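Understanding the architecture of this molecule
Below, each chain spelled out in residue letters.
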Amino acid sequence: IRPEGFAMVDLPAFHKLDEEVAIQLLERLLGQLGGGDAPPRLMAVEALQHWLRRGGTEARTLAGCRLAQRKRHLLFGREAGRIGRVPVALAPGRSLLWDNRFRISIGPAAPDVAILPVQGLKVARNPDIPAFVQDALPALLIEGEIAAIPSLSYVGQSAPPGLRAVAEFQKIGP
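The paragraphs below set out a description of the structure included in this document. (Residues numbered from 1 in each chain as written. Predicted model: local features only at pLDDT ≥ 70, side-chain atom pairs only at ≥ 80, totals over all residues. Heavy atoms only, no water.)

Observations regarding the packing of aromatic side chains
Heads up, the rule is: Aromatic rings from Phe, Tyr and Trp, taking only the six-membered ring of Trp, are treated as a pair when their centres fall within 6.5 Å; an angle between ring planes under 30 degrees marks them as stacked, one over 60 as edge-to-face, and anything in between as tilted. Labels follow the DSSP assignment, with helices taken as runs of H or I lasting at least four residues and strands as runs of E lasting at least two, numbered in each case from the N terminus. Relative accessibility under 20% of the residue-type maximum defines a buried residue, over 50% an exposed one, and the middle range a partly exposed one, all with a 1.4 Å probe and only protein chains included. We call a charge positioned above a ring when the Lys NZ or Arg CZ atom is no farther than 6 Å from the ring centre and deviates by at most 35 degrees from the ring normal.
Applying the stated criterion to the full structure yields 1 aromatic pair. Ring centres of Phe 102 and Phe 169 lie 5.6 Å apart, and the angle between their planes is 75°; this geometry places the pair in the edge-to-face category. Here Phe 169 lies in strand S12 (residues 165-169) and Phe 102 lies in strand S7 (residues 102-106), a separation of 67 residues in the sequence. Residue Phe 102 shares its accessibility class with Phe 169, and that shared class is buried. The cationic tip of Arg 66 hangs over the ring face of Phe 132; the distance from NZ or CZ to the ring centre is 4.7 Å.

Structural data, given as structure tokens:
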């Protein structure tokens, strides 16, 4: 799992896994990356596993995750459209868990910030991160302008000098 909150699974290696192990891996990734409070239903995960074994190629969604096949990888990331669009307030010197995935904190000298997903904001694409993954990252806004996208090490023009902002992906379990 990458620090930006997505995972890439090697397809040839995945297809060699025992059926039960492959389903457990899918359950764990969906649970960690989907932002939900409840694990995905076993029947839905089994159906996803059967679809993968049959060689399905179109993107799928399950448990708040979007899954997309690349040439040699299966890509898991948060489904940005499932993240609430109501800004989440964060006061200076505080931290919070955003979307059940990122621990976000700002320094004590920062002004109040609002946190929203990147989706719909005017931000240049990072070529190292799939677009749908970038859309689901947290953006910190000050007075309606992007101050920072910590997961991308992006600092906007509206950021006050010395703004300290951190967004750490929270892995669940061992």
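Considering the sheet that holds S12
Short version of the rule: Following DSSP output, two strands are said to pair if at least two bridges run between them. To get an axis, a line is fitted to the C-alpha atoms, and for a helix only the part in contact is used. The angle between two axes follows their N-to-C directions and goes from 0 to 180 degrees.
Here we have 3 strands laid out as an open sheet, ordered S6-S7-S12, and antiparallel in their pairing. Across the chains shown, the open sheet's two edge strands, defined by having one partner strand only, are strand S6 (95-98) and S12. Neighbour-to-neighbour, the strand axes of this sheet turn through a mean angle of 20°, independent of strand direction. Relative to S12, S7 runs antiparallel, the two sharing 5 bridges. Bridging from a neighbouring strand, Ser 105 pairs with Val 166 of S12.

Considering the nonpolar core
Formally: Only buried residues count toward a nonpolar core, which is a set of Ala, Val, Leu, Ile, Met, Phe, Trp, Tyr and Cys residues joined through side-chain atoms within 4.5 Å. Whether two residues touch is decided by their heavy atoms; if any such pair falls within 4.5 Å, the residues are in contact.
Formed by 55 residues in total, the largest nonpolar core has its most connected members in Leu 26, Leu 30, Leu 48, Leu 74, Phe 76 and Ile 104. Here this core gets 6 residues from one element, more than from any other, and that element is helix H2 (residues 19-33). What Phe 76 contacts, discounting residues up to four positions off in sequence, is Phe 6, Ala 7, Val 9, Leu 26, Leu 29, Leu 30, Leu 33, Arg 66 and Leu 67.

Thoughts on the packing of H2 against helix H3 (residues 42-53)
Definition in use: Less than a right angle of anticlockwise turn of the near helix away from the far helix marks a crossing as left-handed, whereas a clockwise turn marks it as right-handed. Only Asp, Glu, Lys and Arg are considered charged, only Ala, Val, Leu, Ile, Met, Phe, Trp, Tyr, Cys and Pro nonpolar, and every remaining residue, Gly among them, polar.
Packing of H2 against H3 brings their axes to within 10 Å, and their N-to-C directions diverge by 115°. The way H2 lies across H3 gives a crossing that is right-handed. In this structure, H2 contributes Glu 19, Ala 22, Ile 23, Leu 26, Glu 27 and Leu 30 to the contact, and H3 contributes Leu 42, Val 45, Glu 46, Leu 48, Gln 49, His 50, Leu 52 and Arg 53. Residues that form the contact of H2 with H3 fall into these classes: 8 nonpolar, 2 polar and 4 charged.

Comments concerning the pairing of S6
Only one face of S6 is covered, namely the one carrying Leu 96 and Trp 98; the face carrying Ser 95 and Leu 97 has none of its residues buried. The sheet contact formed by S6 and S7 spans 4 bridges and is antiparallel. Bridge pairing links Ser 95 to Ser 105 in S7. Count of turn residues in the S6/S7 antiparallel hairpin: 3 residues, of which Asp 99 carries a positive phi of about 55°.

Some words on the side chain of Arg 101
Quick note on the threshold: Two N or O atoms count as a polar contact when they lie within 3.5 Å, although within protein this holds only if one can serve as hydrogen donor and the other as acceptor, and sequence-adjacent residues are included solely when both atoms are side-chain atoms.
Within the secondary structure layout, Arg 101 lies in the loop between S6 and S7. Judged by relative accessible area, which is 1%, Arg 101 ranks as buried. At a separation of 2.6 Å, a polar atom in the side chain of Arg 101 contacts the main-chain carbonyl oxygen of Ala 136. Ignoring anything within four residues of it in the chain, the contact list for Arg 101 reads Gly 5, Leu 33, Gly 35, Arg 78, Ile 83, Ala 136, Glu 168, Phe 169 and Gln 170.

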